[in-house]
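Structural features, examined
Each chain, letter by letter, is given below.
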Amino acid sequence: MDNIQEFKQRRVALMQQMGVGIAIIPTAPEVARNRDSHYPYRFDSYFYYLTGFKEPEALLVLIAGDVPQSILFCRDKDIEKEIWDGFRFGPEAAKTTFGFDAAFSFKQLDQKLPELISNQPQVFFSLGADVAWDAKVTGWLNEVRGLVRTGMNAPAAMVDVRQLLDQQRLVKTPYEIALMRQSAEIAAVAHNRAMQKTKPGKMEYEVEAEYLHEFARKGAQSPAYTSIVAGGGNACTLHYIANNAELKDGDLVLIDAGCELDGYASDITRTFPVNGKFSGAQKDVYELVLAAQLAAIDTAKPGQHWNAPHEAALEMLAQGFVDLGLCQGTKDEVLETESYRQFYMHRTGHWLGLDVHDAGDYKDQQGQWVPLTAGHVLTVEPGCYIRPAENVPEHFWHIGVRIEDDVLITDKGNEVLTKSAIKTISEIESHMEQAS
Ligand code: GLY
Ligand code: MN
Ligand code: MN
């Protein structure tokens, strides 16, 4: 592995945060889909962040203190199994390839872990994340407690290791930023392709196939989440994932899709007319959401806090809802009474990284919004979703618009990682006109 130092450095940083004690960090289990078929395997994000190791049946042990140690447990080499299922490192090669101090067979967990836990003052573990691992760790702790008369001490405390790792993962390293830039670029180009391939009469899943094609073609291992292709009123169902309706002439279509590249997610939403030309009402709503998004992105910089983009988007949307006759009263009244929630009911973004809704707190221990600092990556994704209602002019019914980009906070301001994805009305209309 050429980036061995990057992962070593992350382990060192965690052990420094731990001070003393042992961390036990398993990867994710394989999950059956039906009968003997499995879902495509996806490692646990915390485990991968610390190891770069992608195989299932693996666990990392970190021992902090005077002599820090990182130990991997993984599957044995097994030529028989490799003939059927493919390459596996085995402990020996994993140790040198990934830079661990030691590596053992996954089968030796029950033998080694009580010994490693004993005499450690505290255990760092994600209690509650997985009942099977909770039971395992409890079993090892009880075994150590049962040996106290032999002179062994059981740990006095258990700390949730995610508490430490979440803060570490929140600030991306240059290595992570380079990957996220690539992931974002692949997804941006894929959105542009899907936009150009959209025509009245096509099915939502046909358009989905266009960006999936582009993800795979560029080496992204997977979509980053279950994506949305929502024609017309389907866009007003926030988590619409059926993607099986026909795209109609005169409707908009909303696509929320991102890819995963070496673990790192991108997350983009674009909304555009199925026939390539915005109607008057569609234009009004789109221009408003775009203005809200640009205002929000403007506030995403050092010196501002996590909630600043949301507040900026809300200000713009509230005024726009009044101007369009969607909300009654003044902008301040709309904000005060939260009447905007009829059309905008979600928040304006989330942290992005190994998980699409990435690790990291949004408020600090004092209850204050986290200050935005260089290395943070967040999404900015305001929207407007108009369901038929008596208080809503009919020409707006079934219009759903969201515009979402991925934004890196830099020392000077920000970088929109997904800037290649077309988004102004004139760009969209000319891009679709050029479709073959
Ligand atoms: N695609 C998930 C989200 O936008 O939060
Ligand atoms: Mn998002
Ligand atoms: Mn999204």
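**What to know about the packing of helix α8 (residues 174-197) against helix α9 (residues 204-217)**
- The contact between α8 and α9 brings their axes to 8 Å, and the two run at 145°. Considering the relative orientation of α8 and α9, their crossing is right-handed. From α8, Ile186, Ala187, Val189, Ala190, Arg193, Ala194 and Lys197 reach across to α9, where they touch Val207, Glu210, Tyr211, His213, Glu214 and Phe215.
- Its residues assigned to classes, the contact of α8 with α9 comprises 8 nonpolar, 1 polar and 4 charged.

**Observations regarding α9**
- In this model, α9 (14 residues) spans 20 Å end to end at C-alpha, consistent with the 20 Å of a helix rising 1.5 Å per residue.
- Among all positions in α9, only Glu204, Val207, Glu208, Glu210, Tyr211, Glu214 and Phe215 are buried. What you see down the axis of α9 is that its buried residues fit within an arc of 150°, all on one side. Exposed side of α9, more than 90 degrees from the buried face: Ala216 and Arg217 are the residues found there.
- Taken together, the buried residues of α9 touch α8, β9 (222-223), β10 (228-231), β11 (252-257) and β12 (259-261).
- Taken from the residues just after α9, glycine 219 is the one with a positive phi, measuring 90°.

**What to know about the side chain of threonine 299**
- Following the sequence through the fold, threonine 299 ends up in helix α10 (residues 280-299).
- Of note is the side chain of threonine 299, whose polar atom sits 2.8 Å from the backbone oxygen of alanine 296.
- Every residue in contact with threonine 299, bar those within four places of it in the chain, is listed here: Gln304, Ala308, Pro309, Ala312 and Leu372.

**Notes on the site of ligand 1**
- Taken together, Tyr225, Asp256, Asp267, His350, His357, Glu381 and Glu404 are the residues near ligand 1.
- Within the side chain of aspartate 256, an N or O atom sits 3.2 Å from a nitrogen atom of ligand 1.
- In isolation ligand 1 offers 200 Å² of accessible surface; the protein chains occlude 82% of this area.
- Along the lines of polarity and charge, the residues of the shell around ligand 1 split into 1 nonpolar, 2 polar and 4 charged.

**Describing the coordination of the manganese ion (ligand 3)**
- Within the protein, Asp256 (OD), Asp256 (OD), Asp267 (OD) and Glu404 (OE) serve as the donor atoms for the manganese ion (ligand 3), at 2.1 to 2.5 Å.
- Taken together, the 6 donor atoms surrounding the manganese ion (ligand 3) define angles of 56 to 168° at the centre, an arrangement classified as irregular.
- Of note, the manganese ion (ligand 3) draws all its donor residues from one chain, in the sequence arrangement D-x10-D-x136-E.

**So, the sheet that holds strand β8 (residues 157-159)**
- Spatial strand order, β6-β5-β4-β1-β7-β8: 6 strands in an open sheet with mixed pairing. Strand pairing shows two members of the sheet lacking a second neighbour, β6 (102-105) and β8, which therefore form its edges. Adjacent strand axes in the sheet meet at a mean angle of 20° when their direction is disregarded.
- Alignment of strand β7 (residues 122-124) against β8, held across 3 bridges, turns out to be parallel. The residue of β8 that forms the bridge with phenylalanine 124 is valine 159.
- Along the sheet, helix α5 (residues 109-117) contacts β1 (21-26), β4 (59-64), β5 (69-74), β6 and β7; its crossing angle with β5, the most-contacted strand, is approximately 160°.

**Overview of the nonpolar core**
- By size, the foremost hydrophobic cluster in this structure holds 114 residues, and its most contacted members are Leu14, Ile25, Phe215, Ile255 and Phe321.
- For this core, the leading source of residues is α8, giving 10 residues.

**With respect to the packing of α8 against helix α13 (residues 425-433)**
- One way to put it is that α8 packs onto α13 with a least axis distance of 8 Å and a crossing angle of 60°. One way to sum up the angle between α8 and α13 is to call them oblique. Once α8 is placed against α13, the crossing between them reads as right-handed. Residues Asn192, Met195 and Gln196 of α8 form the contact with α13, whose participating residues are Ile428, His431 and Met432.
- A breakdown of the residues in the contact of α8 with α13 according to their chemical character gives 3 nonpolar, 3 polar and no charged.

**With respect to the coordination of the manganese ion (ligand 2)**
- Protein-derived coordination of the manganese ion (ligand 2) comes from Asp267 (OD), His350 (NE2), Glu381 (OE) and Glu404 (OE), at a distance range of 2.0 to 2.2 Å.
- What the 6 donor atoms of the manganese ion (ligand 2) show is an angle range of 50 to 155° at the metal, which sorts the shape as irregular.
- As a motif over one chain, the donors of the manganese ion (ligand 2) read D-x82-H-x30-E-x22-E.
- For aspartate 267, a relative accessible area of 3% translates into the label buried.
- The buried category is assigned to glutamate 381, whose relative accessible area is 9%.

**Considerations on the pattern of salt bridges**
- Under the counting rule described, the total for this entry stands at 25 salt bridges.
- Arginine 169 is paired through a salt bridge with aspartate 358; the nearest N and O atoms lie 2.8 Å apart. Within this pair, whereas arginine 169 is found in helix α7 (residues 161-170), its partner aspartate 358 is found in the loop between α12 (331-337) and β15 (377-380), the two being separated by 189 residues in sequence. The pair formed by arginine 169 and aspartate 358 is uniform in burial state, with each residue classed as buried.
- One salt bridge in this structure joins glutamate 214 and arginine 193, with 3.9 Å as the shortest N-O distance. Residue glutamate 214 is found in helix α9, and its partner arginine 193 is found in helix α8; the two are separated by 21 residues along the sequence.

Each value, and the rule that gives it
Within every chain, residues take consecutive numbers counted from 1 along the sequence as written. In the order they appear in the text, chains get letters beginning with A and ligands get numbers beginning with 1. Residues qualify for local features only when their pLDDT is at least 70, as the model is predicted, and side-chain atom pairs are given and counted only at 80 or more; totals for whole chains, interfaces and linings, by contrast, use all residues. Side-chain descriptors were evaluated using all non-hydrogen atoms of the structure, hydrogens and water having been removed beforehand. Note on geometry: axes are lines fitted to C-alpha atoms, helical ones only across the stretch in contact, with angles between N-to-C directions running from 0 to 180 degrees. A run of H or I in DSSP counts as a helix once it spans at least four residues, and a run of E counts as a strand once it spans at least two, with each numbered from the N terminus. Crossing handedness is read from the near helix: turned anticlockwise from the far helix by less than a right angle, it gives a left-handed crossing, and turned clockwise, a right-handed one. Here, residues are in contact when the closest pair of their heavy atoms is within 4.5 Å. When residue character is reported, Ala, Val, Leu, Ile, Met, Phe, Trp, Tyr, Cys and Pro are called nonpolar, Asp, Glu, Lys and Arg charged, and the others, Gly included, polar. Expected span, for any helix, means 1.5 Å times one less than how many residues it has. Burial classes follow relative accessibility: with a 1.4 Å probe on protein chains only, a residue under 20% of its type's maximum area counts as buried, one over 50% as exposed, and anything between as partly exposed. Arc, as used here, means the arc of the directions from the helix axis to the C-beta atoms. Here a polar contact means two N or O atoms within 3.5 Å. Within protein one must be a hydrogen donor candidate and the other an acceptor candidate, and residues neighboring in sequence count only if both atoms are side-chain atoms. We call a residue near a given molecule or strand whenever any one of its heavy atoms falls within 4 Å of it. The Shrake-Rupley method, run with a 1.4 Å probe sphere, supplies the accessible areas, and residue values consider only the shown protein chains as cover. Listed donors are limited to N, O and S atoms within 2.8 Å of the metal, widened to 3.2 Å for Na, K and Ca; water is not among them, so incomplete-looking sites are possible. All geometry calls rest on donor angles, where a four-donor set with angles between 85 and 135 degrees is tetrahedral, four- and six-donor sets with opposite donors more than 155 degrees apart and all others between 65 and 115 are square planar and octahedral, and all else is irregular. DSSP-based pairing: two strands are paired if at least 2 bridges between them are found. Only buried Ala, Val, Leu, Ile, Met, Phe, Trp, Tyr and Cys residues count toward a nonpolar core, and they belong to the same one when joined by side-chain atoms within 4.5 Å. Oblique is the label for every angle not falling under 35 degrees (roughly parallel), over 145 degrees (roughly antiparallel), or within 65 to 115 degrees (roughly perpendicular). A carboxyl oxygen of Asp or Glu within 4 Å of a side-chain nitrogen of Lys or Arg is what we treat as a salt bridge.

Distances and angles like these do not, on their own, reveal function.
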